[in-house]
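# Inside the fold
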Amino acid sequence: TTLAAMAGTLDAASGGRLELGLSAGWSEREHLEFGFDFPDPETMVRRLERYAGIVHRLLAGEAVAVTGPVESGEAELGVASPQTGGPVLSIEALTPSQMEVAARVADDVMMPAAAVRDIRAAVGAIADACDRVGRDPGTLGIALEVPVSIGRTHAEAQARADAEPLFRTFGPPSEVGVFGTLEECQERVIQLAHAGVTDLRCVLPNSPDVHDVIAQLTAMVMGSVDVLMPNAPRSR
């Protein structure tokens, strides 16, 4: 209820532009530091599904009976999300059980690019999870979290990537993300789109000229968006 209240307020303040992502959590130390247990993966997945369902319903404006360490009865938000049905909800998923949770309660499934070796196989696994829970795969967005470094030259893109310490966590853009000149990056985006990815969550280098990266990133996906459709003919 606390998270939903914070998200609803932020969504209202930003004019209905919030997208919310949830993860089961990967760090045992983080859980234990906050006084939580760190259960087995299947228990974690069940907890995530319950948690995501409650948050999603609260943000959609429903009153939800919430139980926890303190019985609180029915909860509802004082500030509802201005978006119909609440903000877009993403669930980070890599395992079949996590994908099933996303298929049951989320708008998008989100995968970190560094953890996905075969995009087409991952997209196929998500479609299988949708089939198992009775959802049309076409109604579930597939988002990929990618490190991005674009430059007017290959050397400029490499310099921006080398200067960003955050990429040590997400993986080098040249290996797992979107990297290179605008043309090389557009080629990569078309590749991902044709494999079934519908959204890119881009992690950008925190460089003084990041506005230039944003401008090139925008140019890369604006205009001839028809080429991003799977099986579409290539743009000249």
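Predicted model, so just to flag it, every value in this text is computed and none were measured. (Residues numbered from 1 in each chain as written. Predicted model: local features only at pLDDT ≥ 70, side-chain atom pairs only at ≥ 80, totals over all residues. Heavy atoms only, no water.)

## Considering the overall build of the protein chain
The secondary structure content of the protein chain amounts to ten helices and eight strands. Against the 2.2 N^0.38 benchmark of 18 Å for 236 residues, the protein chain shows a C-alpha radius of gyration of 19 Å, consistent with a compact globule. Each of the three principal axes of the protein chain carries a C-alpha extent, and together these read 60 × 40 × 35 Å. Buried positions account for 42% of the 236 residues belonging to the protein chain. Across the protein chain, contacts joining residues at least 24 apart in sequence account for 65% of those joining residues at least 6 apart. Carbon and sulfur atoms make up 54% of the accessible area of the protein chain, which amounts to about 13100 Å² in all. (Helix = DSSP H or I, 4+ residues; strand = E, 2+ residues; numbered from the N terminus. Rg over C-alpha atoms; globule rule 2.2 N^0.38 Å. Buried < 20%, exposed > 50% of the residue type's maximum accessible area, 1.4 Å probe, protein only. Contact = heavy atoms within 4.5 Å. Areas by Shrake-Rupley, 256 points an atom, 1.4 Å probe, with all protein chains shown as cover.)

## Remarks on helix α3 (residues 41-59)
Between its first and last C-alpha atoms α3 spans 27 Å; for 19 residues at 1.5 Å apiece the expected length is 27 Å, and the two agree. Those residues of α3 that sit buried are T43, M44, V45, L48, A52, G53, I54, V55, H56, L58 and L59. Of the residues flanking the start of α3, the one acting as N-cap is D40, its side-chain oxygen 3.2 Å from the backbone nitrogen of E42. Downstream of α3 by a residue or two, G61 has a phi angle that is positive, lying close to 95°. (Expected span 1.5 Å × (residues − 1). Polar contact = N/O pair within 3.5 Å; in protein donor to acceptor, adjacent residues only side chain to side chain.)

## A look at the pattern of salt bridges
Evaluation of the coordinates by the stated rule reveals eleven salt bridges. Between R160 and D209 there is a salt bridge, and its shortest N-O distance comes to 2.7 Å. Linking R160 in helix α6 (residues 154-162) with D209 in the loop between β8 (199-203) and α10 (210-221), this pair joins segments that are 49 residues apart in sequence. A relative accessible area of 6% means that R160 is categorised as buried. Among the ionic contacts, a cluster of salt bridges with common partners joins R152, E156, R160, D209 and D212. (Salt bridge = Lys/Arg side-chain N within 4 Å of Asp/Glu carboxyl O.)

## Section: the nonpolar core
With 50 residues, the main nonpolar core has I91, I119 and L144 as its most contacted residues. In terms of nonpolar packing, the next biggest core, distinct from the first, is built from five residues, A157, A161, F167 and V203 among them. (Core = buried A, V, L, I, M, F, W, Y, C linked by side-chain atoms within 4.5 Å.)

## A word on the environment of D37
Relative to the helices and strands, D37 is located in the loop between α2 (28-33) and α3. Not counting residues within four places of it along the chain, the set of residues in contact with D37 comprises H31, L32 and R47. Polar side-chain contacts of D37 include one of 2.8 Å to the side chain of R47.

## Re the packing of helix α4 (residues 96-105) against helix α5 (residues 119-133)
Where α4 meets α5, the axes come as close as 8 Å, and the angle between the chain directions of the two elements is 60°. Comparing the axis directions of α4 and α5 gives the class oblique. The handedness of the crossing between α4 and α5 comes out as right-handed. Residues P96, M99, E100, A103 and R104 of α4 touch α5, and the partners they reach there are A122, A125, I126, A129, C130, R132 and V133. For the contact of α4 with α5, a count of residues per class yields nine nonpolar, no polar and three charged. (Axes fitted to C-alpha atoms, helices over the stretch in contact; angles between N-to-C directions. Parallel < 35°, antiparallel > 145°, perpendicular 65-115°, else oblique. Left-handed = near helix turned anticlockwise from the far one by under 90°. Nonpolar A, V, L, I, M, F, W, Y, C, P; charged D, E, K, R; others polar.)

## With respect to the packing of helix α1 (residues 2-13) against α3
As a packed pair, α1 and α3 sit with axes 9 Å apart at the nearest point and diverge in direction by 40°. As far as their axial angle goes, α3 and α1 are oblique. Regarding α1 and α3, the two cross each other, and that crossing is right-handed. Contacts between α1 and α3 pair L3, A4, A7 and G8 from the former with Y51, V55, L58 and L59 from the latter. Residue composition of the contact of α1 with α3, grouped by class: seven nonpolar, one polar and no charged.

## Concerning helix α9 (residues 182-195)
Over its 14 residues, α9 runs 20 Å from end to end, which matches the ideal 20 Å to within 8%, given 1.5 Å per residue. Buried positions along α9 lie against α5, β6 (141-150), β7 (178-180), β8 and α10. Positive phi shows up at G196, right after α9, with a value of about 115°.

As far as function goes, none of this settles anything; it's purely spatial.
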